[in-house]
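What follows is each chain in one-letter form.
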Amino acid sequence: MIDIPGTPGTLTGLVLRISQCVFAAGSISYMVTSGGFFSFTAFCYLIAAMGLQVLWSFGLAVLDTFALVRKKTLLSPVLVSLFVVGDWVTSTLSLAGASSSAGITVLYFGDLGSCSFEAECWKYQLSVALAFLCWITIAISSLTTLWLLASG
């Protein structure tokens, strides 16, 4: 297998995992601190998808840290296959959650104009923006691991 920036067990891979975890946790925190998020199914789905992303990214960040400290490689075909499947599943769930929440945010608070609390609307919008930033970093790492698997 070739050495690609962002592969598991490298510093750039660790940075990608930490940024995924931070963006997902930020998305959850802004959504949960808003008032009535539980009234919308898409917002609840976003919290569930981002929660799964936090767990997955944190686990892989710990694994990357262990590999960097011990100077081990995480490039076995079985392990890379696991990373590919996990990244693609969490990527799909995160994109679905971010897109559905963005649609609800635009519909209710932009098109219908039913946002009476400005701070709550900003929290919803910021949560969705952080979810999309999280998805972008997931997409980068999932494409990197897929390329790594295909090249090996």
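Just so it is clear, the structure is predicted and the values come from calculations on it, not from any experiment.

Undergrad: Would you mind going over the UniProt feature "transmembrane region" (unreviewed entry) in the chain in detail, with residue names and values included?
TA: With numbering aligned to this structure, UniProt lists the feature "transmembrane region" (unreviewed entry) at residues 40–63, 75–108 and 128–150. Annotated as 94% helix and 0% strand, the span residues 75–108 places its first and last C-alpha atoms 46 Å apart. Helix makes up 100% of residues 128–150 and strand 0%. Its end C-alpha atoms lie 32 Å apart.

Undergrad: Quick one: what's the story with the side chain of S142, residue by residue and with numbers?
TA: By the secondary structure assignment, S142 is in helix α4 (residues 118–151). By relative accessible area, S142 is classed as buried at 1%. Not counting the four nearest positions on each side in its chain, S142 is found in contact with D87, W88 and S91.

Undergrad: Account for the nonpolar core, naming residues and giving values.
TA: Soluble, globular proteins show a tendency: their nonpolar side chains are buried together. One finds M31, F37, F43, M50, F109 and Y124 to be the most contacted residues of the largest nonpolar core, which totals 18 residues. Listing elements by their share of this core, those giving two or more residues are α1 (11–33), α2 (41–70), α3 (77–111) and α4. If near-sequence neighbours (up to four positions away) are discounted, Y124 is found in contact with M31, S34, G36, F37, F40, F43, T105 and F109.

Undergrad: With reference to specific residues and values, describe empty space enclosed by the protein.
TA: Taken as a whole and judged by the stated rule, the model has 1 cavity of 30 Å³ or more. Roughly 60 Å³ of volume is contained in the largest cavity. Among the elements of the structure, α1 and α2 are those that each provide at least two residues to the lining of the largest cavity. Taken together, the residues that form the lining of the largest cavity break down as 5 nonpolar, 4 polar and 2 charged.

Undergrad: Which residues make up the packing of aromatic side chains, and what values do they have?
TA: Two descriptors summarise a pair of aromatic rings, namely the distance from one centre to the other and the angle between the planes of the rings. One pass over the full model with this rule turns up 3 aromatic pairs. Judged by centre distance (5.7 Å) and plane angle (75°), the rings of F37 and F38 are edge-to-face. For F38, a relative accessible area of 58% corresponds to the exposed category. Centre to centre, the rings of F40 and F43 are 5.1 Å apart; their planes meet at 70°, and the pair counts as edge-to-face. The class of F40 is buried, set by a relative accessible area of 18%. One aromatic cluster in this structure is built from F40, F43 and Y124.

Undergrad: If you had to explain unusual backbone geometry to someone new, which residues and values would you point to?
TA: Although it is not a glycine, K71 sits at a positive phi angle of roughly 55°. Mapped onto the fold, K71 is located in the loop between α2 and α3.

Quick notes on the rules
- Residues numbered from 1 in each chain as written.
- Predicted model: local features only at pLDDT ≥ 70, side-chain atom pairs only at ≥ 80, totals over all residues.
- Heavy atoms only, no water.
- UniProt positions renumbered as here; feature names shortened; annotations may be inferred.
- Helix = DSSP H or I, 4+ residues; strand = E, 2+ residues; numbered from the N terminus.
- Buried < 20%, exposed > 50% of the residue type's maximum accessible area, 1.4 Å probe, protein only.
- Contact = heavy atoms within 4.5 Å.
- Core = buried A, V, L, I, M, F, W, Y, C linked by side-chain atoms within 4.5 Å.
- 1 Å grid on protein atoms, 1.4 Å probe; cavity = no way out; pocket = protein on both sides within 12 Å on 5 of 7 lines; lining within 4 Å.
- Points joined across faces, edges and corners; volume = space filled by probe spheres on them.
- Nonpolar A, V, L, I, M, F, W, Y, C, P; charged D, E, K, R; others polar.
- Phe/Tyr/Trp six-rings, centres within 6.5 Å; stacked < 30°, edge-to-face > 60°.

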